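Read off the chains here:
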Amino acid sequence: MSIQTETATTIGKAVILGLHHRNENECEDDAQYIPMLKTVINGVVSTMADPLSQRQVQQALYEYARELYMQAWIASGDEDDPAIDEGLETFDSIYEQEMMPE
């Protein structure tokens, strides 16, 4: 990973963590919060010149945002597998479609 890629990833993670803490305090709706994360990720990715760096940064930031979301999801509910699956599906669906799943 290049220094630019590492720097972009570090900055992106810092912004995502800040949004995560804000979401924990203000309990934003997932349908607003997750698209905001996507916007941050896309913005950071757009600063990368080459496609490989773009993919690396996008993947690292997506996984980080998803991990933080799931930590909050688990902390707020039951830790059984169906609940975890539901959390993953919710995050992925809203991230892709930018709306709550039906």
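Reading guide: rules and limits
- Residues numbered from 1 in each chain as written.
- Predicted model: local features only at pLDDT ≥ 70, side-chain atom pairs only at ≥ 80, totals over all residues.
- Heavy atoms only, no water.
- Axes fitted to C-alpha atoms, helices over the stretch in contact; angles between N-to-C directions.
- Helix = DSSP H or I, 4+ residues; strand = E, 2+ residues; numbered from the N terminus.
- Parallel < 35°, antiparallel > 145°, perpendicular 65-115°, else oblique.
- Left-handed = near helix turned anticlockwise from the far one by under 90°.
- Contact = heavy atoms within 4.5 Å.
- Buried < 20%, exposed > 50% of the residue type's maximum accessible area, 1.4 Å probe, protein only.
- pLDDT = per-residue confidence, 0-100.

**A word on the packing of helix α1 (residues 3–26) against helix α3 (residues 51–75)**
Between α1 and α3, whose axes approach to 10 Å, the crossing angle comes to 25°. Of the possible angle classes, the one that applies to α1 and α3 is roughly parallel. Pair α1 / α3 crosses with right-handed handedness. For the pair α1 and α3, contact is made by Thr5, Ala8, Thr9, Gly12, Lys13, Ile16, Leu17 and His20 and by Ser53, Gln56, Val57, Ala60, Leu61, Tyr64, Ala65, Leu68 and Ala72, respectively.

**Examining unusual backbone geometry**
Its identity is not glycine, yet cysteine 27 carries a phi of approximately 50°, on the positive side. On the basis of relative accessible area, cysteine 27 is assigned to the exposed category, the value being 64%.

**Details of the confidence of the model for the protein**
Any region with low pLDDT has predicted coordinates that should not be read closely. Looking at the protein, pLDDT values average 90 and 92% of them are 70 or higher. When pLDDT is averaged over each element of the protein, helix α2 (residues 30–45) comes out on top at 96 and helix α4 (residues 81–97) at the bottom at 85.

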